[in-house]
Amino acid sequence: MRSLVLVLSLALSACATAPATPINAPLGGLRADVEGRAPVGDDLIVLALSGGGARAASFHLGVLQQLRATPGRDGRPLSEHIAFITSVSGGSVLAAYYALHGEAGLETFDAAYLARDWRVRSPASPIGAAGALRGGANGSRGLRDWLAANVYGDAAMGDMGAGPRVILNATDLYNSTPFAFTQFFFDGLCSDVRQVRVADAVAASMAVPVVFRPVLVESYAERCAGPPEWAARVAADRTAPENARQTARAFQNYRGDTNAGQRYLHLSDGGVADNLGLLSLQVMRAAGPPAPLTAAEALQARRVLFLVVNAEYIRPRAFQREGTDAIGAIEMMYAPVDAATDVAKRASLDAWRAGLPAYERALREWRCDSPLNSRGTTWDCSDISLSMDVISFRDMTPAEYEALYDIETNVSLPRETVDALVAAGRGVVERNAAVAEFRQ
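These figures come from a predicted structure and were not determined experimentally.

About the thresholds
Residues numbered from 1 in each chain as written. Predicted model: local features only at pLDDT ≥ 70, side-chain atom pairs only at ≥ 80, totals over all residues. Heavy atoms only, no water. Axes fitted to C-alpha atoms, helices over the stretch in contact; angles between N-to-C directions. Helix = DSSP H or I, 4+ residues; strand = E, 2+ residues; numbered from the N terminus. Parallel < 35°, antiparallel > 145°, perpendicular 65-115°, else oblique. Contact = heavy atoms within 4.5 Å. Nonpolar A, V, L, I, M, F, W, Y, C, P; charged D, E, K, R; others polar. Buried < 20%, exposed > 50% of the residue type's maximum accessible area, 1.4 Å probe, protein only. Polar contact = N/O pair within 3.5 Å; in protein donor to acceptor, adjacent residues only side chain to side chain. Phe/Tyr/Trp six-rings, centres within 6.5 Å; stacked < 30°, edge-to-face > 60°. Lys NZ or Arg CZ within 6 Å of the ring centre and 35° of its normal.

Caption draft 1: Looking closely at the packing of helix H1 (residues 53-69) against helix H3 (residues 105-114). Packing of H1 against H3 leaves a shortest axis separation of 10 Å and a crossing angle of 170°. Here H3 runs roughly antiparallel to H1, going by the angle between their axes. Contacts between H1 and H3 involve Ala-54, Ala-57, Ser-58, Leu-61, Leu-64, Gln-65 and Arg-68 from the former and Leu-106, Glu-107, Phe-109, Tyr-113 and Leu-114 from the latter. Residue composition of the contact of H1 with H3, grouped by class: eight nonpolar, two polar and two charged.

This is the structure:
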């Protein structure tokens, strides 16, 4: 995890000790999920945007801008073919803004977020250390309200719709499982995701441990009868992915069906569990098709490209450059954490890629068992294919990579660095072979 380290100005320091309050409300009335604009055509794209602070948000902005500038087979911009975006931390900042503002947001996001120069309070500072002893150098409420005041206003998740639907990912610290801001996960809490403020959801996705106190979510288990059907089924299935089984057990905890009696969830940065936003998709996939695609998307699609955009920080390895005896105490602390994070990230990627053939077969069976869509009797229910590619800093030009690969996870960056990252993001999409093939 090398996710966004965002801090408020010292004027908000009192918020570090403010009592935590839940950000969600109980489910009532009509149950519905967070929606987005419908993708066009039968070529669909699913984007996964990693964490990584302003570095990631800048790089991801370039990726989205280039998708908008690239026509698909039907002549429409590829950005209009995006079915949904799953995101973490710095990626969530952009994804949520795009969902609220649509294509216009790709022009205004810079001014709303990237151009701001924020002060950083370190957990090592006297005030920060005092806050860290209470769970975070900076209070989650201050972060949430800052995002509302400067980036999202008081918009709720239910207000999204100008851009693609988004899945904002956080981590449930008690269960060590992903937690996504979708109704699928909020069903476990008997809660309505549409009423959550966008600023609160993004703050949960970017609540870096120690730097921020976790964001609090409450379970209203008494309002529902037992956990969702899939939770018991997946928890008992010894062949199901372990991540999905543990998340199913977490849902049982949320509903009070275990000794945990988990009334509150403490949500931290999504990168703690998975900095690419894929684990939540794995859980939804295990619950049954067509998820994580919606029914409408699954019926509409003929080709689906899963495009993972990885903008994580690559820490320089001084001990490798300087000799076998050069490693010191600081690098000895960081290097194993970096290695564990990198291995976990690759395992997440490999698991999703390895599961695509089975997901493709499941979608075909589901489509053939479902009523035909508007294509009528000529519709071939088995005509759907899934593919995947990963875009990362290593896809930059050699000159760009050398200049940008070790940009740290900061809350703000110099103007020239932001511009270079945006340009690099555009370039990697323009040169990407999977995107080029998808256009044919």
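So, next bit.
Caption draft 2: Molecular detail of the side chain of Gln-66. Here Gln-66 shows up in helix H1. Take Gln-66: its relative accessible area is 10%, and that puts it in the buried class. A polar contact is formed between the side chain of Gln-66 and the side chain of Arg-426, at a distance of 3.4 Å. Setting aside anything within four residues of it in sequence, one finds Gln-66 in contact with Arg-426, Val-429 and Glu-430.

Caption draft 3: Structural detail: the packing of aromatic side chains. For the structure on display, the rule yields 17 aromatic pairs. Among the aromatic side chains, those forming a connected cluster through ring pairs are Phe-179, Phe-181, Phe-184, Phe-185, Phe-186, Trp-230, Phe-251 and Tyr-254. Positioned above the aromatic ring of Phe-438, the side-chain terminus of Arg-303 is 4.7 Å from the ring centre.

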